[in-house]
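# Architecture at a glance
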Amino acid sequence: MVERPEIMPQIPVMEIDELDSRNPDAGGASTSGTVSNEVEVTLTDDDVDITRKRLFNHLSSYKAFDLMPNSGKVFVLDDNMTIEEAFLRMHEEGLAIAPLWDAANLQISGMLTSSDFILILIELHRNYAMATNNVNHLSTISAWKEAKLQLQRRPLIQVHPDESLNNVVVRILQNHVSGVPVLYVLEGSTCPQLLHVACLAGLLQHIRRHFEHRTAYFPLLQHSIGTLQIGTWIREIGSARELKTFAPNYLLSDAYRLLIDEHISAVPIVDDKGALINVFCRSDVISLAKDNAYARAPLDQTTISQALQLVDTNARARFGICTRSDSLFTVISLLSDPGMRRVVVVEAGTRYVLGIITLRDIFNLIFRDFS
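Source: prediction; values computed, not measured.

How each quantity is defined
Residues numbered from 1 in each chain as written. Predicted model: local features only at pLDDT ≥ 70, side-chain atom pairs only at ≥ 80, totals over all residues. Heavy atoms only, no water. Helix = DSSP H or I, 4+ residues; strand = E, 2+ residues; numbered from the N terminus. Buried < 20%, exposed > 50% of the residue type's maximum accessible area, 1.4 Å probe, protein only. Contact = heavy atoms within 4.5 Å. Areas by Shrake-Rupley, 256 points an atom, 1.4 Å probe, with all protein chains shown as cover. Salt bridge = Lys/Arg side-chain N within 4 Å of Asp/Glu carboxyl O. Pairing = 2+ DSSP bridges. Axes fitted to C-alpha atoms, helices over the stretch in contact; angles between N-to-C directions. Polar contact = N/O pair within 3.5 Å; in protein donor to acceptor, adjacent residues only side chain to side chain. Arc of directions from axis to C-beta. Right-handed = clockwise from strand over helix to strand, strands pointing away.

### Concerning the overall build of the protein chain
Broken down by element type, the protein chain carries twelve helices and eleven strands. Taking all 371 residues of the protein chain together, the buried fraction comes to 51%. Considering only intrachain contacts with a sequence separation of at least 6, the fraction spanning at least 24 residues in the protein chain is 68%. Accessible surface, the protein chain as shown: approximately 17,900 Å² in total, 47% of it carbon and sulfur.

### Re the pattern of salt bridges
Evaluation of the coordinates by the stated rule reveals six salt bridges. The shortest N-O distance in the salt bridge between Lys63 and Asp162 comes to 3.9 Å. Linking Lys63 in the loop between α2 (45–60) and β1 (77–78) with Asp162 in the loop between α6 (141–149) and α7 (165–175), this pair joins segments that are 99 residues apart in sequence. What makes Lys63 partly exposed here is its relative accessible area of 40%. Measuring nitrogen to oxygen at the nearest pair gives 2.5 Å for the salt bridge that ties Arg318 to Asp284. Placement of the pair is Arg318 in the loop between α10 (304–308) and β9 (320–322) and Asp284 in the loop between β8 (276–281) and α10, with a sequence separation of 34 residues.

### Overview of the sheet that holds strand β10 (residues 342–346)
Taken together, the four strands give an open sheet; going across it, the order is β6-β11-β10-β9, and neighbouring strands pair in mixed fashion. Strand pairing shows two members of the sheet lacking a second neighbour, β6 (232–233) and β9, which therefore form its edges. Of the strand pairs in this sheet, β10 and strand β11 (residues 353–358) are connected by five bridges, and their pairing is antiparallel. Pairing of Val345 across the sheet is with Gly355, part of β11. Sheet contacts for helix α11 (residues 328–335): β9, β10 and β11; angle to β10, the most-contacted strand, approximately 135°.

### Some thoughts on the side chain of Thr323
Along the chain, Thr323 turns up in the loop between β9 and α11. Using a relative accessible area of 5% as the deciding quantity, one classes Thr323 as buried. A polar side-chain atom of Thr323 sits 3.0 Å from a polar atom in the side chain of Ser325.

### Let's talk about the sheet that holds strand β3 (residues 107–113)
Taken in spatial order, the three strands of this open sheet run β1-β2-β3, and their pairing is mixed. With partners counted over all chains shown, the strands left at the sheet margins are β1 and β3, one partner each. In this sheet, β3 lies alongside strand β2 (residues 97–102) in antiparallel orientation, the contact comprising six bridges. When the bridges of β3 are listed, Trp101 appears paired with Ile108.

### Things to note about helix α3 (residues 83–93)
Note that an α-helix has 3.6 residues per turn; residues three or four places apart therefore point the same way. Along α3, the residues classified as buried are Ile83, Ala86, Phe87 and Met90. End-on, the buried residues of α3 take up no more than an arc of 100°, which puts them together on one face. Just past α3, the residue Gly94 takes up positive phi, approximately 70°.

### Section: the environment of Asn278
With respect to the helices, strands and loops of the structure, Asn278 is situated in strand β8. When the C-alpha positions of Asn278 and Phe319 are compared, they lie 8.7 Å apart, and in sequence the two are 41 residues distant. Here Arg318 takes part through its side chain, which lies 2.9 Å from a polar atom of the side chain of Asn278.

### Observations regarding the pairing of β10
Here β10 lies mainly inside the structure; five of its five residues are buried. Judged by which residues are buried, β10 turns out to be covered on both faces: Arg342, Val344 and Val346 on one side and Val343 and Val345 on the other are all buried. Bridge count for β9 against β10 is three bridges, and the pairing is parallel. Bridging across to β10, Cys322 finds its partner in Val345. Handedness of the β-α-β unit built from β9, α11 and β10 comes out right-handed. The turn linking β10 back onto β11 is made up of six residues, and Arg351 within it adopts a positive phi angle of 65°.

And the structure:
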């Protein structure tokens, strides 16, 4: 997992013309920026229950060890690295999350995420003079983590390679984390071996790999996302949480605070008509490590559009697009693309943004009764 970059180019994975040709009904979408009427397909309780139970049984029969690729590498950061060094290394390797190694105690001490860097930048912005004068006490990752733990202390979330994939999913969902290290301790040793970092993307790829040609086995996957209680939507459609959007000139400082305060991983960027331009993600903060751009980009003077110009345009797509009439399996197929973490739902004719579906939304739907 950790070899696959999450910082992706700004071009969506699918052009809307492709969606039109693949969805005959999409041509009837409203061009006025309003929500069009969707043809409802009856969703039965059996469809939901059968799909959830079959997926649950499948994942129960596989272990965390089965998520490991046949070949690859796992990156670990020494917690005595400076924040600047860690920031740069994660950018160079395309990482949005990395385990931390505590050499003094011979253990994995925690996980460094893009959210940590956002919080660091917000703190530096909030009190620049004090942070500059006291940079030594936050100069290393361990110092930052220790300061953070004064506010929220909890043990490292981890899994054993013999734990079922169900346990892995539930552990990630219940603890609201991006990924969990798979750790193994040899008999007679106290030093853990880091085998893998399990995440929802890897779990979804596992599901697709086993059932790509047997989708009828899961009737829920055939239903359109417009008929399911999944994702975050605009007010006119309604959902547990109303969809937030950004204008291109939205300030970086305000965008970061909203992402952190509202516990949101990404927000669509729209024009004055509500049409999709791009998506701003938490993980995009890693791109600011390029040539120390964060030092030259004051949060209260830099727009999200300017920040996204630093995103690696040679990497894979950062998000997918679909319409409300697309099936859940279509969305899962898009999210199975390495590096893709979200799909934006738009009107086919206008690219008017209606909603967004994330990896976590998919698993919350499947594990709603089990987690």
